[in-house]
Amino acid sequence: MNTAEETPLLEARNLVKTFSGRSGTRAVNDVSFTVRRGEALGLVGESGSGKSTTARCVAGLLHPDSGQVLIAGQDVTRARGRALRATRRRIQMVFQDPYSSLNPRMTVADLVGEGMYVHGIEPDRVRRRDRTVELLETVGMGSEHLDRYPRSFSGGQRQRIAIARALAVGPDLLICDEPVASLDVSVQAQVLNLFGDLREKLGLSLLFIAHDLAVVHHLCGRVAVMNSGRVVEQGDREQVYTSPRHPYTRALLDAVPVPDPAAERARAAGRGAVHTQNHHEEKR
Amino acid sequence: MSTTTPVPTRSAGLRNLLTRKGGNKQGHTTFVDRAALGVAGLMVLLALVGPYLAPMDPYAVDLAKSLTPPGSEHWMGTDANGRDILSRVLAGGRTTILATVAVIAVATVIGTLIGTAAALGGRIVDEILMRICDVGLSLPAIVVALGLAAAMGPSLQSAVIALAATWWPGYARLVRTLVRETRDAEFVESARVLGVSRTRLVLRHVLPNSLSALYVQTTLDVSAVMLVISGLSFVGVGAQVPASEWGAMIAASRDTAITAWWTVLFPGLAIALTAIAFNLVGDWLRVRTDPTLRTGGR
Ligand SMILES: Nc1ncnc2c1ncn2[C@@H]1O[C@H](COP(=O)(O)OP(=O)(O)O)[C@@H](O)[C@H]1O
Ligand SMILES: [Mg+2]
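Note that the structure is a prediction, hence the values are computed from the model and not measured. Within every chain, residues take consecutive numbers counted from 1 along the sequence as written. Here chains are named by letter from A upward and ligands by number from 1 upward, in the order in which they appear as written. Side-chain atom pairs in this predicted model are given and counted only at pLDDT of 80 or more, local residue features only at pLDDT of at least 70, and totals for whole chains, interfaces and linings cover all residues. Side-chain figures throughout are based on the complete set of non-hydrogen atoms in the structure, without hydrogens or water.

*Asks:* How should the site of ligand 1 be read in this particular structure?
*Replies:* All names here are of chain A. Here a residue is considered near a molecule or strand provided that any single heavy atom belonging to it is located within 4 Å of it. Around ligand 1, the structure places Phe19, Ala27, Glu46, Ser47, Gly48, Ser49, Gly50, Lys51, Ser52 and Thr53. What qualifies as a polar contact is a pair of N or O atoms within 3.5 Å, subject to a donor-acceptor requirement within protein and to the restriction that residues adjacent in sequence count only when both atoms come from side chains. Note that an oxygen atom of ligand 1 is positioned 2.6 Å from one of the backbone N or O atoms of Gly48. What sets the accessible areas is the Shrake-Rupley method with a 1.4 Å probe; for residues, cover comes only from the shown protein chains. When ligand 1 sits alone it has 550 Å² of accessible area, and the protein chains cover 59% of it. The secondary structure listing takes helices from DSSP runs of H or I that are at least 4 residues long and strands from runs of E that are at least 2 residues long, numbered from the N terminus. If you tally residues by element for the shell around ligand 1, the top one is helix α2 (residues 51-59), at 3 residues.

The following block contains the structure:
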């Protein structure tokens, strides 16, 4: 029996989160989805639809009012203590704004090495530094940056540092909350390609959040569309893009110029950067 | 909630007045900043070595020389008891400045502990600590000092204790506000997702990124605390009369101020100069650490 294939890496079950406020907004309303090993799920919806709140519930930053988050079958919304910490480690997060998600008073070496230090993955300073250099290489940055502070980097570089920091604890899944939305258009594609490469190289699963369908198009084999706290449509990329069932998805598709899939494939093949199209079922 | 204090910008006008350029928004170090840093540095130095620099014994009474005007022998003149004022100003700097530093240091430590606990300890802890702060803030330093003077006898120590006891709630509120802001920053969430322990989260991520405004405030407060200490000495509940504390010196010269101006002018100048210098340094720090000016690399 191969349970690894049966049990999804991440499962969100009927998540509900209401913010106590004047309006009492139900930011997340009965949201369920699964991400299997090696899979990339795109979570798409307009601003305010509850994507970040969902991500924060999954990452353990928020406690959902009801519903469960299961990591490899273990319910982390109920768990506590050391076991929880070990399980939580398997899911890491990359935030939207790399200008605020990196502690401005820590060097790149400290930022990337922190996870290895606090989890005792690499307690030795020198070896931790070596591993940090490797991680920086993985995200396309040189070791000359080790002792610099975040303020000396561009947005794209900062996001690479943030990715290296998340990768340092060896996660199985990366939650990416609009990781390119605050970057210059010119570097968005580079960072998106990096995520594609990481999937390929490390067999990383992704929960990739975006506010338009174009961004997730070449990265995610499966797409969930959120509107007003609910997942209104969920399915394979081809199905969602070519024959959307929900009017909201159709509106989203009309709002942004999603490149012609055939042309996109041809371009991707030429560049050789996108390996995972149509392989949403692939297993590690 | 009424318990949030905006980051005070008490002396924003002073620097503008002095630089004439109307706000040094780039955070460049101007001549005035250098001068202020110099004077403040000098005063701190004075606190350390002042008594050794005094040309004469600051306590040596010589009634024959009572109220000698400034001249070649006594550069700042002598007081009613014939004591050399220059020597007393140099020696008094230590008392005044060390007392000020003691007040600020104690208030900063208590304020940071209480403010951080209030910001991170949950609703009930927050409510209790903030009510205690309210009580502390509602007590004027002078009243507490008078009370302590009555209970412990008037002394510089009781003035320092009274001042520290009434000064920390302001810092606690400021720290609470600052930490609440930082607490929700994305880099703190990033550390939480990474699995960083609570202690490390506070010490490594939250506090270092919260306290720069507190340091600015404490520097700006040096002048205020110094004035209150001198004031308390002046009204008789701080340093006691023979002591060469600047405020006490002025107090002791009350009766001679009109006939012998030098007896109050020089200690007064010392107080004013130090107060202005620390105020300007605080301002300079504020501009330099203003987060809106530190976007570096963007
Ligand atoms: N901390 C919070 N307190 C109160 N309301 C919030 C909070 N975070 C999000 N919301 C509200 O929840 C809704 C969903 O927000 P969010 O999850 O950030 O959406 P998205 O990431 O899709 O833009 C919005 O209406 C937002 O105003
Ligand atoms: Mg969001």
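*Asks:* Explain the nonpolar core here, please?
*Replies:* Nonpolar side chains in soluble globular proteins tend to be buried together. Within this scheme, the nonpolar core is defined by two criteria: the residues are buried Ala, Val, Leu, Ile, Met, Phe, Trp, Tyr or Cys, and they are joined through side-chain atoms within 4.5 Å. Exposed residues in this analysis have more than 50% of their type's maximum accessible area, buried residues have under 20%, and partly exposed residues fall in between, with area computed by a 1.4 Å probe over protein chains only. With 69 residues, the main nonpolar core has Val89(B), Ile229(B) and Trp246(B) as its most contacted residues. Any pair of residues with heavy atoms lying within 4.5 Å of one another is described as a contacting pair. With sequence-adjacent residues up to four places away left out, Trp246(B) is seen in contact with Met43(B), Leu46(B), Val89(B), Gly92(B), Gly93(B), Thr96(B), Ile97(B), Met226(B), Pro267(B), Ala270(B), Ile271(B) and Thr274(B). Residues Ala40(A), Leu135(A), Leu136(A) and Val191(A) belong to the second largest nonpolar core, which totals 48 residues.

*Asks:* Teacher, can you tell me more about the confidence of the model for chain B here?
*Replies:* Do not read the fine detail of predicted coordinates wherever pLDDT is low. Residue and element names in this part refer to chain B. On a scale of 0 to 100, pLDDT captures the predictor's confidence in every residue. With 88% of its residues at a pLDDT of 70 or more, chain B shows a mean pLDDT of 82. Highest mean pLDDT in chain B belongs to helix α7 (residues 186-194) (95); lowest belongs to helix α1 (residues 12-19) (53). Taken together, the stretch residues 1-12 has pLDDT below 50 and engages in 27 contacts with residues farther than four places along the chain or on a different chain. Below a pLDDT of 50 lies the segment residues 294-298, which in the model reaches 11 contacts outside its immediate sequence neighbourhood of four places, other chains included.

*Asks:* Help me out: how do you make sense of the state of the cysteines in this one?
*Replies:* Covalently bonding the sulfur atom of one cysteine to the sulfur atom of another cysteine gives a disulfide. Residue and element names in this part refer to chain A. Two cysteine sulfurs form what is called a disulfide whenever their separation falls within 2.5 Å. Taken as a whole, this structure holds 0 disulfides over all chains when the rule is applied. The thiol of Cys57 is not disulfide-bonded; the next cysteine sulfur, from Cys176, is found 17 Å away. Looking at Cys57, the relative accessible area reads 1%, which means it is buried.

*Asks:* Could you clarify how one ought to interpret helix α3 (residues 85-120) of chain B in this entry?
*Replies:* Note on helix geometry: an α-helix contains 3.6 residues per turn, so any two residues three or four positions apart are oriented the same way. All names here are of chain B. For a helix, the expected span equals 1.5 Å multiplied by the number of residues minus one. Taking 1.5 Å per residue, 36 residues should reach 52 Å; α3 reaches 51 Å between its end C-alpha atoms and fits that length. A residue's bend is simply the angle between two axes: one fitted to the seven residues ending at it, one to the seven starting at it. At Gly92, α3 shows its largest kink, close to 30°. Just beyond α3, the residue with positive phi is Gly122, at close to 95°.

*Asks:* I keep staring at the pairing of strand β7 (residues 173-177) of chain A and nothing clicks. Help me out?
*Replies:* Side chains on a regular strand alternate between the two faces of the sheet. All names here are of chain A. Of all the 5 residues making up β7, 5 are buried; the element is thus mostly covered by neighbouring parts of the structure. Across the two faces of β7 the burial is the same, with Leu173, Ile175 and Asp177 and Leu174 and Cys176 all buried. Relative to β7, strand β6 (residues 91-94) runs parallel, the two being bridged by 4 bridges. Each bridged residue has a counterpart across the sheet, and for Gln92 the counterpart in β7 is Leu174. The pairing of β7 with strand β8 (residues 205-210) spans 5 bridges and is parallel. In the sheet register, Ile175 faces β8, and the bridge partner there is Leu207. Between any two strands, at least two bridges found by DSSP are needed for them to pair.

*Asks:* I'm lost on the pattern of salt bridges in this one. Help?
*Replies:* Note on pairing: side chains with opposite charge can pair once their charged atoms come close. Residues and elements named next belong to chain B. Any Lys or Arg side-chain nitrogen located within 4 Å of an Asp or Glu carboxyl oxygen qualifies as a salt bridge. Tallying each qualifying case throughout the model produces 23 salt bridges over all chains. Between Arg88 and Asp79 there is a salt bridge whose closest N-O contact spans 3.8 Å. Arg88 gets classed as buried once you look at its relative accessible area, which sits at 2%. In this structure, the salt-bridge partner of Asp134 is Arg173, at a minimum N-O distance of 2.1 Å. Remark: Arg173 occurs in helix α6 (residues 156-183) and Asp134 occurs in helix α4 (residues 123-138); sequence separation between them is 39 residues. Given the relative accessible area of 14%, Arg173 is considered buried.

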